[in-house]
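Observations on the model geometry
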Amino acid sequence: LPTAEGFDALARLSSALGDHAAAVGWIERRLEALPADAVDDRIATVARLANAHGAAGREGAARAALERGLAEHPGAETLREPLRVLYRAAAAWDKLVDLLTRAGGEPPKVEHLREAADICLKKLGSRERAIPILEALTAQAPTDKGARLALADALRATGALEPARAILAKLLDEYGRRK
């Protein structure tokens, strides 16, 4: 009976020979052969599968493999980062914003929230979508004046004048205390 290790060896051999499409097939078989409770092995195998798809020139298949892997293992950062790279390369901004703001069990990182808000404002032109992201960003980084100004601007532009005014008044008050 073939083993995961055997499929792994065949995939490495195929890759070494430059036959990345064949490597994809062996890696897929390796993934099927792994038990469901071998979480770390499954995550590493999905990452290898995505790399093999990419080497074979199949970026869409690489994205799909990573998306399936993340559906199975939402907290797997080793799958999230290459997927972010692929989404950026494909200008898949909506999907990238979703990925940046969903951290799989823990709060999103400040730099991911900042990038997501920037994409919403500059690439998607959606202040409405940026507002909850900017709110999460300012909650995690309350001293980030740029994020607070961006939030105030987005709120003002969407007609939420009182919350925008409150943010700006607080910023002015902080500025006044420094003088």
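What counts and how
- Residues numbered from 1 in each chain as written.
- Predicted model: local features only at pLDDT ≥ 70, side-chain atom pairs only at ≥ 80, totals over all residues.
- Heavy atoms only, no water.
- Helix = DSSP H or I, 4+ residues; strand = E, 2+ residues; numbered from the N terminus.
- Expected span 1.5 Å × (residues − 1).
- Contact = heavy atoms within 4.5 Å.
- Axes fitted to C-alpha atoms, helices over the stretch in contact; angles between N-to-C directions.
- Parallel < 35°, antiparallel > 145°, perpendicular 65-115°, else oblique.
- Left-handed = near helix turned anticlockwise from the far one by under 90°.
- Nonpolar A, V, L, I, M, F, W, Y, C, P; charged D, E, K, R; others polar.
- Phe/Tyr/Trp six-rings, centres within 6.5 Å; stacked < 30°, edge-to-face > 60°.

Considering helix H3 (residues 39–55)
- The end-to-end C-alpha distance of H3, which contains 17 residues, comes to 24 Å, matching closely the 24 Å that a straight helix rising 1.5 Å per residue would cover.
- Residues of H3 that are buried sit in contact with helix H2 (20–33), helix H4 (59–72) and helix H5 (77–89).
- Phi for Gly 57, located one or two positions after H3, is positive at around 80°.

Remarks on unusual backbone geometry
- Residues other than glycine seldom take positive phi values, yet Ala 91 does so here, at roughly 55°.
- Inspection of the secondary structure puts Ala 91 in the loop between H5 and helix H6 (93–101).

A few points about the packing of H2 against H3
- Between H2 and H3, whose axes approach to 9 Å, the crossing angle comes to 165°. As judged from the angle between their axes, H2 and H3 are roughly antiparallel. Like other packed secondary-structure pairs, H2 and H3 cross with a definite hand, here left-handed. Facing H2, whose interface residues are His 20, Val 24, Ile 27, Glu 28, Arg 30 and Leu 31, H3 presents Asp 41, Arg 42, Thr 45, Val 46, Arg 48, Leu 49, Ala 52, His 53 and Ala 55.
- For the contact of H2 with H3, the per-class residue count stands at seven nonpolar, three polar and five charged.

As for the packing of aromatic side chains
- According to the stated counting rule, one finds one aromatic pair in the structure shown.
- Ring geometry for Phe 7 and Trp 26: centres 6.0 Å apart, planes at 25°, overall stacked. Here Phe 7, found in helix H1 (residues 4–16), pairs with Trp 26, found in helix H2; they are 19 residues apart in sequence, far enough to count as distant.

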